[in-house]
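Results of the structural survey
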Amino acid sequence: MTSAAASASPVDGILATIPIVLSLVVAVWALVAAVRRQPPDRIQFVGLAVLEVALLALTVVALVALGGGDRPGEPGAFFGYLVTLVCLPPLAWVLARMEPTRWGSAIVCAICLVTPVVVVRLQQTWEVVGG
């Protein structure tokens with residue numbers, strides 16, 4: 001794979017940047033709530049829903065690219081990260097609903113801080129062939 005092909009990765013660019021930024025915004029909001037001893041609020045839950053939509057869009061684009069013949073460098077790791085990625089916001093939602101205290105906000109914050117890391121790892125497993 002050439003560097004031009006690596007830069008054309010379906011899990012790179014604006015489609016990866018949007019969930020990273022959304023996740024960090026929700027993380028900051030949840031951190032402020034946790035520090036202020038507030039339970040998860042509607043904004044956190046809406047943020048998680050919007051984040052999930054963005055992650056599903058990223059997943060659809062990746063699956064379409066796979067259907068078109070593109071292949072990640074590490075398919076097993078790629079699919080593991082992809083599945084994990086789409087499960088993170090619902091996991092945060094459920095755990096935060098189970099813990100309606102400041103710790104629910106802390107859970108949302110923690111999971112939203114993990115999400116950008118998983119997006120970057122997803123990108124790395126796609127582009128490993130170009131290395």
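Residues numbered from 1 in each chain as written. Predicted model: local features only at pLDDT ≥ 70, side-chain atom pairs only at ≥ 80, totals over all residues. Heavy atoms only, no water.

1. What to know about the overall build of the protein chain
Keep this limit in mind: Note on conventions: DSSP H or I runs of at least 4 residues are helices, E runs of at least 2 residues are strands, and numbering of each starts at the N terminus. Burial status follows relative accessibility: with a 1.4 Å probe on protein chains alone, a residue under 20% of its type maximum counts as buried, one over 50% as exposed, and anything between as partly exposed. Values of accessible area rely on a 1.4 Å probe in the Shrake-Rupley scheme; residue burial ignores everything except the protein chains shown. Under the convention used here, Asp and Glu are negative, Lys and Arg are positive, and both His and the chain ends fall outside the count. Charge positions come from single atoms, namely NZ of Lys, CZ of Arg, CG of Asp or CD of Glu.
A count of helices and strands for the protein chain gives 5 helices and 0 strands. Start at the N end of the protein chain and walk to the C end: the helices and strands fall as α-α-α-α-α. With the C-alpha coordinates of the protein chain rotated into their principal frame, the extents come out at 50 × 20 × 20 Å. Looking at the protein chain residue by residue over its 131 residues, the buried ones come to 38%. Only carbon and sulfur atoms are counted for the fraction: they give 72% of the accessible area of the protein chain, which is about 6,800 Å². The positive charge centre, built from 7 side chains, and the negative charge centre, built from 7, are 15 Å apart in the protein chain.

2. As for the confidence of the model for the protein chain
Applied cut-off: Each residue carries a pLDDT value, the predictor's own confidence for that position, ranging from 0 to 100. Note on contacts: a residue pair qualifies if any of its non-hydrogen atoms lie within 4.5 Å across the two residues.
On average, residues of the protein chain carry a pLDDT of 90, and 92% of them reach 70 or more. Confidence drops under a pLDDT of 50 for residues 1–7, and excluding neighbours within four residues, the segment shows 5 contacts in the predicted structure.

3. A few points about the environment of Ala-96
Its location among the elements puts Ala-96 in helix α4 (residues 75–98). Accessibility expressed as a relative area gives 1% for Ala-96, which makes it buried. Measuring from C-alpha to C-alpha, the distance between Ala-96 and Val-11 comes to 28 Å, with 85 residues separating the pair along the chain. Beyond its immediate stretch of four places on either side in the chain, Ala-96 contacts Pro-40, Phe-45, Gly-104 and Val-108.

4. Examining the packing of aromatic side chains
What counts is decided by this rule: Any Phe, Tyr or Trp ring, taking Trp's six-membered ring, that has another such ring centre within 6.5 Å forms a pair; planes under 30 degrees apart are called stacked, those over 60 apart edge-to-face, and the others tilted. In this scheme, Lys NZ or Arg CZ marks a charge over a ring once it lies within 6 Å of the ring centre and within 35 degrees of the ring normal.
Counted according to the given criterion, the structure contains 3 aromatic pairs. Ring geometry for Phe-78 against Phe-79: centres 5.7 Å apart, planes inclined by 80 degrees, an arrangement best described as edge-to-face. By the ring-pair criterion, three or more aromatic residues cluster together here, those being Phe-78, Phe-79 and Trp-126. Lying over the aromatic face of Phe-45, Arg-97 brings its terminal NZ or CZ to 5.5 Å of the ring centre.

5. What to know about the environment of Cys-112
On the secondary structure map, Cys-112 appears in helix α5 (residues 102–127). A relative accessible area of 1% means that Cys-112 is categorised as buried. Residues contacting Cys-112, with those up to four places away along its chain left out, are Ser-23, Val-26, Ala-27, Leu-48 and Leu-51.

6. As for unusual backbone geometry
Positive phi values are uncommon outside glycine, yet Arg-37 reaches one of about 60 degrees. Mapped onto the secondary structure, Arg-37 falls in the loop between α2 (14–35) and α3 (42–67). Residue Arg-37 is classed as exposed on the basis of its relative accessible area, which comes to 62%.

7. Details of the side chain of Thr-115
You can see Thr-115 is positioned in helix α5. You can call Thr-115 buried: its relative accessible area is 1%. Leaving out residues up to four positions away in the same chain, Thr-115 has contacts with Ser-23, Leu-51, Leu-55, Leu-85 and Leu-88.

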